[in-house]
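Secondary and tertiary structure notes
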Amino acid sequence: MKVAKFGGTSLASGEQIQKVFQIIKADPLRKFVVVSAPGKRDQDDTKVTDLLIACAEQFLKHGEGKEQFEAVISRYTEIAKYLNLTMDIIDRISMDLLEILHGDRSNPNRFMDAVKASGEDNNAKLIAHYFNSEGLEAHYVSPKEAGLIVSDEPGNAQVLPESYDRLRLLRDRTGVLVFPGFFGYSQDGQIVTFSRGGSDISGSILAAGVQAEVYENFTDVDSVFSVNPNIVENPKEIAELTYREMRELSYAGFAVFHDEALIPAFRAQIPVQIKNTNNPTATGTKIVHVRSYTNGPVVGIASDNGFCSLYVSKYLMNREIGFGRRLLQILEDDNISYEHTPSGIDDISVIFHQNQLDPETEEKIVERIYKELGADNVVVERNLTMVMIVGEGMRHNVGTTARAANALAQAGVNIEMINQGSSEVSMMFGVKGVDEKRAVQALYEEFFSN
Ligand SMILES: Nc1ncnc2c1ncn2[C@@H]1O[C@H](COP(=O)(O)OP(=O)(O)O)[C@@H](O)[C@H]1O
Ligand SMILES: N[C@@H](CC(=O)OP(=O)(O)O)C(=O)O
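Residues numbered from 1 in each chain as written. Chains lettered and ligands numbered in written order. Predicted model: local features only at pLDDT ≥ 70, side-chain atom pairs only at ≥ 80, totals over all residues. Heavy atoms only, no water.

Some thoughts on the environment of Asp334
For Asp334, the location among the structural elements is in the loop between helix 11 (323-333) and strand 12 (347-353). Its relative accessible area of 22% is what places Asp334 among the partly exposed residues. Taking the C-alpha atoms as reference points, Asp334 and Asn318, 16 residues apart in sequence, are found 25 Å from one another. Polar contacts involving the side chain of Asp334 include one to the side chain of Lys364, which spans 3.0 Å. (Helix = DSSP H or I, 4+ residues; strand = E, 2+ residues; numbered from the N terminus. Buried < 20%, exposed > 50% of the residue type's maximum accessible area, 1.4 Å probe, protein only. Polar contact = N/O pair within 3.5 Å; in protein donor to acceptor, adjacent residues only side chain to side chain.)

In structure tokens, the structure reads:
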């Protein structure tokens, strides 16, 4: 049995959903279909999830939002019309969404999650309806009745381990099962969504639960490329990646797969295959435990921006017991999670996403570091990009850092920071945001031009 997850781009229109149907029909092993909400039809379009967020915000502010509600419904209507479905499915979707919008808004985070989740939930109902109309037995499955139980962290859920045994029972059901991605239920029955892009996580959990032979993740590109195709034209395709490499690359900016989605499949030893809905016969990219390392030290280069660095120096920091802990405690007090902490003898930097730091918090934190830790110097630098080069082969090759540093120097990119993961499968360079493209292109040229 296979789990096939289709992303928003694969379900953005009736035409795309027809392709999905052909893909499911072509392989009877594809019993589990995990769906996102309709995504972008073209570059300038808006995802249904974003329309729903705008709608929820309007209801929270004004108790109504007719225009935003209609924008959502018109996306489903267009799809239903294209697929020749009767309009009762649209009535059901409208009623469902209206009930949520006019329901309990006393807890804005909960309300927002319920509205967001309706995007995938209603799409799953519509798609099951369409499959049946085409003569394929299909059933919508609610994550609640299937037992996908998650932690109660709105917008950032984590799966709870007891879910897996419950999901396993789905194997015994008949027909194709259409499962909405992106959300589960807390132990007390509340809808809770994963972080954005989280339908990939649902697919992985389901694949682990039902012990699928493969988790197929259908998107709009033929494979994972060695670098973001929006930064380098026609980049090299990657045929095989290890879980570790993919985890690092997706964390560092490969938008094609959610970085938290690998863990459930990895633990259950289920191979993951990235495939293209628009070209389903292409082999795609396979994510496996072990691969052969014949293609040089680096397999991929990723980048992500919007980071800031908090640099702290103090003479003899190395001898002061508990300095790092107290510094991180100051950040924890303001609920800031950090990503990296490169350090020297007398200095340390803490790198985190800058959207966690408004000017007021910055002032408070800097003052506390001077006062409570007796720092000599504290500098906050914003708009940094983290560029990551990744490859299991790096462990077996000498001189990768020198090659990368040299390539960046040749391109006139100043390295603000270097951090090598202990696992030695990745190396990260902090550069100024304005240098992102140049840095990635220079590294691609160095490691992939031949
Ligand atoms: N290294 C990469 N390889 C492939 N695609 C990438 C990479 N980096 C970024 N992308 C982008 O990821 C997109 C697919 O992800 P996403 O839009 O989330 O798809 P979906 O709608 O299927 O969830 C591609 O269209 C591509 O522009
Ligand atoms: N629709 C949700 C979840 C998701 O995974 O979507 P997509 O498959 O389009 O990335 C979001 O936009 O975050």
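Quick word on the site of ligand 1
Taken together, 18 residues surround ligand 1, and among them Gly8, Thr9, Thr219, Asp220 and Phe225 come closest. In this structure, a nitrogen atom belonging to ligand 1 sits 2.9 Å away from a main-chain N or O atom of Phe225. Asn230 is positioned with one of its side-chain polar atoms (N or O) 3.4 Å from an oxygen atom of ligand 1. Relative to its unbound accessible surface of 570 Å², ligand 1 loses 83% to contact with the protein. Within the shell around ligand 1, the residues separate by chemical class into nine nonpolar, seven polar and two charged. (Near = heavy atom within 4 Å. Areas by Shrake-Rupley, 256 points an atom, 1.4 Å probe, with all protein chains shown as cover. Nonpolar A, V, L, I, M, F, W, Y, C, P; charged D, E, K, R; others polar.)

Some thoughts on the UniProt feature "binding site: substrate" (unreviewed entry) in the protein chain
Feature annotation in UniProt assigns "binding site: substrate" (unreviewed entry) to the following positions: Thr49 and Glu120. These annotated residues cover 72 residues of sequence, and their C-alpha atoms all fall within 8.4 Å of one another, placing them together at a single site. Within the secondary structure, Thr49 is located in helix 2 (residues 48-62). For Thr49, a relative accessible area of 6% corresponds to the buried category. (UniProt positions renumbered as here; feature names shortened; annotations may be inferred.)

Digging into the side chain of Lys31
Secondary-structure assignment places Lys31 in strand 2 (residues 30-35). Among the polar contacts made by the side chain of Lys31, one reaches the main-chain carbonyl oxygen of Arg173 at a distance of 2.6 Å. Within the local environment of Lys31, its side chain forms a polar contact with the backbone oxygen of Gly175, the two atoms lying 2.7 Å apart. Here Lys31 is in contact with Met1, Lys2, Leu170, Arg171, Arg173, Thr174, Gly175, Val176 and Leu177, once residues within four sequence places are set aside. (Contact = heavy atoms within 4.5 Å.)

What about the domain arrangement of the protein chain?
The assigned domain composition of the protein chain is domain 1 (2-288) and domain 2 (300-448). Between domain 1 and domain 2, the C-alpha centre-to-centre distance is 33 Å. Across the contact, 18 residues belong to domain 1 and 21 residues belong to domain 2. Taken together, the two surfaces of domain 1 and domain 2 that pack against each other cover about 1,600 Å², and 62% of this comes from carbon and sulfur. (Domains from an automatic or database assignment. Buried area = accessible area lost by both parts, 1.4 Å probe.)

Topic: the side chain of Ser195
Considering the arrangement of structural elements, one finds Ser195 in the loop between strand 6 (191-193) and helix 8 (199-209). Within the local environment of Ser195, its side chain forms a polar contact with the side chain of His258, the two groups lying 2.9 Å apart.

A short note on the sheet that holds strand 8 (residues 240-242)
Sheet architecture is open: eight strands sit in the order 3-4-2-1-7-9-10-8, paired in mixed fashion. At either end of the open sheet lies a strand with only one pairing partner, and these are strand 3 (138-140) and strand 8. Sheet twist, expressed as the average angle between the axes of neighbouring strands with direction ignored, equals 20°. Here strand 2 pairs with strand 4 (residues 176-180) via four bridges, running parallel. Looking at the pairing, Val33 lines up with Val178 of strand 4. Contacting strand 1 (2-6), strand 2, strand 4 and strand 7 (214-219), helix 1 (residues 14-26) runs over the sheet at an angle of about 170° to strand 1. (Pairing = 2+ DSSP bridges. Axes fitted to C-alpha atoms, helices over the stretch in contact; angles between N-to-C directions.)

Thoughts on the site of ligand 2
The environment of ligand 2 is formed by Lys5, Gly7, Gly8, Ser36, Lys47, Thr49, Glu120, Phe182, Arg196, Gly197, Gly198 and Ser199. The contact in question runs from an oxygen atom of ligand 2 to an N or O atom on the side chain of Ser36, over 2.6 Å. Within the contact set of ligand 2, an oxygen atom lies 2.7 Å away from a backbone nitrogen or oxygen of Gly197. Protein contact buries 90% of the 340 Å² of open area that ligand 2 shows by itself. A per-class count over the shell around ligand 2 returns one nonpolar, seven polar and four charged.

Overview of helix 9 (residues 243-251)
Along helix 9, the residues classified as buried are Tyr243, Glu245, Met246, Glu248, Leu249 and Ser250. With its phi angle positive at about 135°, Gly253 sits one or two positions after the end of helix 9.

What to know about the packing of aromatic side chains
Following the criterion strictly, the structure yields eight aromatic pairs and no others. Their ring planes at 10° and their centres at 4.7 Å tell us that Phe6 and Phe218 sit as a pair that is stacked. Separated by 212 residues along the polypeptide, Phe6 in strand 1 and Phe218 in strand 7 bring together distant segments of the chain. On the basis of an interplanar angle of 65° and a centroid distance of 5.6 Å, the ring pair of Phe21 and Tyr130 is categorised as edge-to-face. Note that Phe21 is positioned in helix 1 and Tyr130 in helix 5 (residues 108-133), a separation of 109 residues in sequence. Summarising the burial analysis for this pair, Phe21 and Tyr130 share the class buried. (Phe/Tyr/Trp six-rings, centres within 6.5 Å; stacked < 30°, edge-to-face > 60°.)

Overview of the pattern of salt bridges
Inspection of every chain in the model, using the stated rule, returns 26 salt bridges. Asp45 is the salt-bridge partner of Arg41, the closest N and O atoms lying 2.7 Å from each other. On the basis of relative accessible area, Arg41 is assigned to the partly exposed category, the value being 37%. On the accessibility criterion, Asp45 (15% relative accessible area) is buried. Glu78 is paired through a salt bridge with Arg41; the nearest N and O atoms lie 2.9 Å apart. (Salt bridge = Lys/Arg side-chain N within 4 Å of Asp/Glu carboxyl O.)

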